[in-house]
Amino acid sequence: DTEVTQTPKHLVMGMTNKKSLKCEQHMGHRAMYWYKQKAKKPPELMFVYSYEKLSINESVPSRFSPECPNSSLLNLHLHALQPEDSALYLCASSQGQGGTYEQYFGPGTRLTVT
Amino acid sequence: SQQGEEDPQALSIQEGENATMNCSYKTSINNLQWYRQNSGRGLVHLILIRSNEREKHSGRLRVTLDTSKKSSSLLITASRAADTASYFCATVEFYGNNRLAFGKGNQVVVIP
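Anyway, here's the lowdown on the structure attached to this text.

Quick notes on the rules
Residues numbered from 1 in each chain as written. Chains lettered and ligands numbered in written order. Predicted model: local features only at pLDDT ≥ 70, side-chain atom pairs only at ≥ 80, totals over all residues. Heavy atoms only, no water. Disulfide = S-S within 2.5 Å. Helix = DSSP H or I, 4+ residues; strand = E, 2+ residues; numbered from the N terminus. Buried < 20%, exposed > 50% of the residue type's maximum accessible area, 1.4 Å probe, protein only. Contact = heavy atoms within 4.5 Å. Buried area = accessible area lost by both parts, 1.4 Å probe. Salt bridge = Lys/Arg side-chain N within 4 Å of Asp/Glu carboxyl O. Polar contact = N/O pair within 3.5 Å; in protein donor to acceptor, adjacent residues only side chain to side chain. Core = buried A, V, L, I, M, F, W, Y, C linked by side-chain atoms within 4.5 Å. Phe/Tyr/Trp six-rings, centres within 6.5 Å; stacked < 30°, edge-to-face > 60°.

1. Comments concerning the state of the cysteines
Applying the stated rule across the entire model yields 2 disulfides over all chains. Residue cysteine 23 of chain A pairs covalently with cysteine 91 of chain A via a disulfide, S to S 1.8 Å. Across the S-S bond of cysteine 23 of chain A and cysteine 91 of chain A the torsion is about -70 degrees, and the bridge reads as left-handed. Placement of cysteine 23 of chain A in strand E3 (residues 18-25) and of cysteine 91 of chain A in strand E9 (residues 87-94) is noted, with a sequence separation of 68 residues between them. Under the relative-accessibility criterion, cysteine 91 of chain A is labelled buried at 0%. Between the sulfur atoms of cysteine 23 of chain B and its disulfide mate cysteine 89 of chain B the distance is 2.0 Å. Classification of the bridge connecting cysteine 23 of chain B and cysteine 89 of chain B rests on its S-S torsion, roughly 60 degrees, and on that basis the disulfide is right-handed. With cysteine 23 of chain B in strand E3 (residues 19-24) and cysteine 89 of chain B in strand E9 (residues 85-93), the pair connects residues that are 66 residues apart, well separated along the chain. The thiol of cysteine 68 of chain A is not disulfide-bonded; the next cysteine sulfur, from cysteine 23 of chain A, is found 9.2 Å away. Residue classification places cysteine 68 of chain A among the buried residues on the basis of a relative accessible area of 12%.

2. Details of the interface of chain A and chain B
Contact residues are listed per partner, giving 21 residues for chain A and 20 residues for chain B. For the chain A and chain B pair, buried surface summed over both sides reaches about 1600 Å², with 54% attributable to carbon and sulfur atoms. Between chain A and chain B we count 1 salt bridge in total. Taken together, chain A and chain B are joined by 3 residue pairs in polar contact (both at pLDDT 80 or more). Breaking the side of chain A that touches chain B down by element, the ones donating at least two residues are strand E4 (31-37) and E9 of chain A.

3. A short note on the nonpolar core
Ranked by internal contacts, the top residues of the largest apolar core, which has 23 residues, are Trp34, Phe64, Leu76 and Leu78 of chain A. Of all elements in the fold, only strand E2 (10-13), E3, E4, strand E5 (44-50), strand E7 (64-70), strand E8 (73-79), E9 and strand E11 (109-113) of chain A reach the threshold of two or more residues within this core. With 21 residues, the next largest nonpolar core counts Ile29, Val63, Ala85 and Val110 of chain B among its residues.

4. Looking at unusual backbone geometry
Looking along the chain, the bond that leaves threonine 7 of chain A and enters proline 8 of chain A is cis, with omega of -10 degrees. One non-glycine residue, lysine 40 of chain A, adopts positive backbone phi at about 60 degrees. Checked against the element boundaries, lysine 40 of chain A lands in the loop between E4 and E5. Assessed through its relative accessible area of 83%, lysine 40 of chain A is described here as exposed. Phi at lysine 70 of chain B takes a positive value of approximately 50 degrees, unusual for a residue other than glycine. As for its placement among the helices and strands, lysine 70 of chain B is situated in the loop between strand E7 (61-66) and strand E8 (71-76).

5. Side note on the pattern of salt bridges
Charged atoms that come close allow side chains of opposite charge to pair. All names here are of chain A. Counted by the stated rule, this structure contains 6 salt bridges over all chains. Among the ionic pairs, glutamate 52 bridges to arginine 30, the shortest N-O distance being 3.5 Å. Of this pair, glutamate 52 sits in the loop between E5 and strand E6 (53-57) while arginine 30 sits in the loop between E3 and E4; the two residues are 22 residues apart in sequence, bridging distant segments of the chain. Taking relative accessible area as the criterion, glutamate 52 reaches 36% and is therefore assigned partly exposed. Judged by relative accessible area, which is 29%, arginine 30 ranks as partly exposed.

6. A closer look at the packing of aromatic side chains
This model, assessed by the stated rule, comprises 8 aromatic pairs over all chains. Taken together, the ring pairs connect Tyr33, Tyr35 and Phe105 of chain A together with Tyr35, Phe88 and Phe102 of chain B into an aromatic cluster.

This is the structure in structure tokens:
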């Protein structure tokens, strides 16, 4: 199974809502990533987890809160978002942390903040 | 962090033709990777070329790397409509933080 799954596919939320994005992989990968991608732009790294521990936080605002409950799951908790946070949120995983490993991406969650 | 910069930004070709896109970068790299993204979907890894490699093939894909010019090219031969996508190069800096730095991306449209 070489698939990374993400739920939900689409999410519309108000600025006062709390929601969560979920990501799952069963490839035994030890590194997992959250990226944010705006239309017609490249993905921007947000967070990296390695062996279930947060290893990189790219100075992401605290209204985004990542969580890695176990080696297969990655969550992104959202609270008090702004309209400019509307984007495609991509999860990825790799065998190990770092650029020497191929990253496997999920299909993304299309988030709209109203 | 550095980012690869692809050139050209948009390419429209007829099915069966070859498509070439380039990527330039600014610092020493450990490796360079190419990814494909179909509209609004996740990225798919295509190929990884290490800094000590000059050329790599995978099916209809051919990637070259010229570290003296700090550039790479991706060639798709005998293009198909299904190759319509955005293509991103991503670099990993040799002395950097070991993360992927994505370039701006090339939009390729293959006309049937």
